[in-house]
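# An overview of the molecular structure
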Amino acid sequence: MKRHPAPARRRAAAPATRIIVPVPVTHRFYGHGLPDVELDKLSGKLIVVEGADGSGRSSQIARLVGWLEGRGHATTQVGLKRSTLVREELDQAQNGNILSHTTMSLFYATDFADQLENVIIPALRAGFMVLADRYIYTLMARDLVRGADEDWLKSLYGIALVPDAVFYLKVSPDVLVQRNFAKKHALDYWESGMDLGLSRDMFDSFLKYQRLMIEQFDRLRRAYDFDIVDGDRSPEAINADLRRKIEAVLQGR
Amino acid sequence: MAKTFAQLGFPGRLIAVEGLDGSGKSTQIYLLKRWLELQGLKVFFSEWNSSELVKSATSKGKKQALLTPTTFSLIHATDFADRYERQLVPLLRAGYLVLCDRYVFTAFARDTVRGCPAEWVRALYSFAAHPDLTFFFKAHLEVSLQRILVGRPQLKYFEAGMDLKLSPDPEESFRIFQGRLLEQYLAMSTEFNFHLIDANQPVEVQQSVVREIVASRIHLAGFAGAAPAAPL
């Protein structure tokens, strides 16, 4: 095939014609897992992007989706509070602030499990790239900040699949606060940890809460291996970083 | 082994009843409640699966058959946690006698039969202290089945364990499912100190056994407080 190189024609061809077929890797669960899942049949890849509101998660995911699709990969997106089963009820509960901590944890775990079983696993089985806008780590970090028992959380989320890549966009609280104001001119009640009574001042509470969350993420990183990505950089620089790492994942490395 | 409320230093005491559908446990706990109320004691009665918010999600799940063994387990745990944290714990802190028609053991039995790992289910509920007294009403399987099957035009999907695909016939499925639940309950009986009550006996015989055990294990006079309820 290489006998008649035709540089002119090659230049005219559409970009990225060579589509990489991902190298399958057998997935595993963190703990007890789910009944009746054939792990060796999950040929897709699970890519998780974690980070606080304003860390640039969603825009990074949007860029990744475009890039992956351009390279011939089918994608699906999941995120917190998107399950058919309990999404509405979770919204209601959050607005009313009526549920206590264990209940809220379990409610979120239900939402996660529903998406895991009904979206993530079927998509992986069909060979899709699943992009998760946050995963169990945010849920665990939130609960840990609120005093939940770590062993209890570990067992609870032992149902989760170990992702192929986890990126944590680490952004300093001061940058986060500026980005949140630039976007919405307001801070979110929950993202400010107002339920914890850290401060009556929302701005103060936001900074304190985000620092506590970063501490928990740093701790979780020891048990759950993930990449910490410096999120204070430009979106382009961050995305280039993520692409390079995902490329390695696709090649089974 | 989880601790009981007494072991954790709560002034209140929790009494739970467990058993298959149709074992007569709800009748027995109702009669126990009346007896305690008529003595003017502080009593509160709670049922499994009763909080509004979660009910809305479970009924939707049931309608759409969206629930898997894992989400079934989690949504019931959420419901229980809500009741536990908002109702049971505060009442037990306030020195109430709390009567529960079913407790975590229902989940242990049911979720395990559905295929969730037993250790995972137990860890899931490890936030909850255990009852100070648990009665298990043990009837012949055939007797319980008859009580439920007679006068019920249709068995509900999950109640009959239809999701387990044991049999396409709801009645047959229900029989197999209940049989498996009974096995699970009996296997837990020693571990969790169940007081086994022979539910094949007349209502009155069972109730006098229950009252005797309650009176001997719990210092009832310590729970006086509410004005005595009006006699029926």
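Residues numbered from 1 in each chain as written. Chains lettered and ligands numbered in written order. Predicted model: local features only at pLDDT ≥ 70, side-chain atom pairs only at ≥ 80, totals over all residues.

### Considerations on the overall build of chain A
Selection rule: Helix numbering and strand numbering both begin at the N terminus, where a helix is a DSSP run of H or I of at least 4 residues and a strand a DSSP run of E of at least 2. For the radius of gyration, the atoms used are the C-alpha atoms, and the globule rule reads 2.2 Å times the number of residues raised to 0.38. Contact between residues is assigned whenever the C-beta positions, reconstructed from backbone atoms, fall within 7 Å.
Looking only at helices and strands, chain A features nine helices and five strands. Each helix (α) and strand (β) of chain A, taken in turn from the N terminus, gives the series α-β-α-β-α-α-β-α-α-β-α-α-β-α. Taking 253 residues into account, the globule formula puts the C-alpha radius of gyration at 18 Å, and chain A, at 20 Å, falls close to it. A principal-axis box enclosing the C-alpha atoms of chain A has dimensions of 75 × 45 × 35 Å. Considering only contacts in chain A between residues 6 or more positions apart, those separated by 24 or more positions represent 80%.

### Considering the packing of helix H5 (residues 136-145) of chain A against helix H8 (residues 202-223) of chain A
Residue and element names in this part refer to chain A. Formally: Lines are fitted to the C-alpha atoms to define the axes, a helix being fitted only along its stretch in contact, and any angle between axes, read from their N-to-C directions, falls within 0 to 180 degrees. The labels follow the angle: roughly parallel below 35 degrees, roughly antiparallel above 145, roughly perpendicular from 65 to 115, and oblique for the rest. Helix crossings fall into two classes, left-handed where the near helix is turned counterclockwise from the far one by less than a right angle and right-handed where it is turned clockwise. When residues are sorted by character, Ala, Val, Leu, Ile, Met, Phe, Trp, Tyr, Cys and Pro go into the nonpolar class, Asp, Glu, Lys and Arg into the charged class, and all the rest, Gly among them, into the polar class.
Look at H5 against H8: their axes get within 9 Å of each other, and the N-to-C directions meet at 120 degrees. When the interaxial angle is binned, H5 and H8 end up oblique. The handedness of the crossing between H5 and H8 is right-handed. Mapping the contact onto sequence places Tyr137, Met140, Ala141, Leu144 and Val145 in H5 and Leu212, Met213, Gln216, Phe217 and Leu220 in H8. Among the residues forming the contact of H5 with H8, the class breakdown is nine nonpolar, one polar and no charged.

### Here we look at the environment of Thr26(A)
Residues and elements named next belong to chain A. As a reminder of what qualifies: Remark: C-beta atoms are placed from the backbone, and a residue is labelled buried if 20 or more other C-beta atoms sit within 10 Å of its own, exposed if 12 or fewer do, or partly exposed between those counts.
Relative to the assigned elements, Thr26 resides in the loop between helix H1 (7-12) and strand S1 (45-50). On the basis of neighbour counts, which here come to 9 C-beta atoms within 10 Å, the residue Thr26 falls in the exposed class. Along the chain, Thr26 and Leu39 lie 13 residues apart, while their C-alpha atoms are 6.2 Å from each other. Once residues within four sequence positions are removed from consideration, Thr26 is found in contact with Leu39 and Asp40.

### Structural notes on the confidence of the model for chain B
Worth spelling out the cut-off: As a per-residue measure, pLDDT tells how confident the predictor is, with possible values from 0 to 100.
In the predicted model, chain B carries a mean pLDDT of 90, and the fraction of residues at 70 or more is 92%. What the predictor reports for the complex is a pTM of 0.86 with an ipTM of 0.82.

### Quick look at the environment of Glu119(B)
Checked against the element boundaries, Glu119(B) lands in helix H5 (residues 118-124). Linking Glu119(B) and Arg211(B), residues 92 residues apart in sequence, is a C-alpha distance of 33 Å.

### Focus on the interface of chain A and chain B
Taken together, the 25 residues of chain A in the interface contact 26 residues of chain B. Of all the secondary structure elements, the ones that give two or more residues to the side of chain A that touches chain B are helix H3 (87-96), helix H4 (101-125) and helix H6 (150-156) of chain A. Sorting elements by how many residues they give to the side of chain A that touches chain B places H4(A) first, with nine residues. Class assignment for the residues of the side of chain A that touches chain B results in 13 nonpolar, nine polar and three charged.

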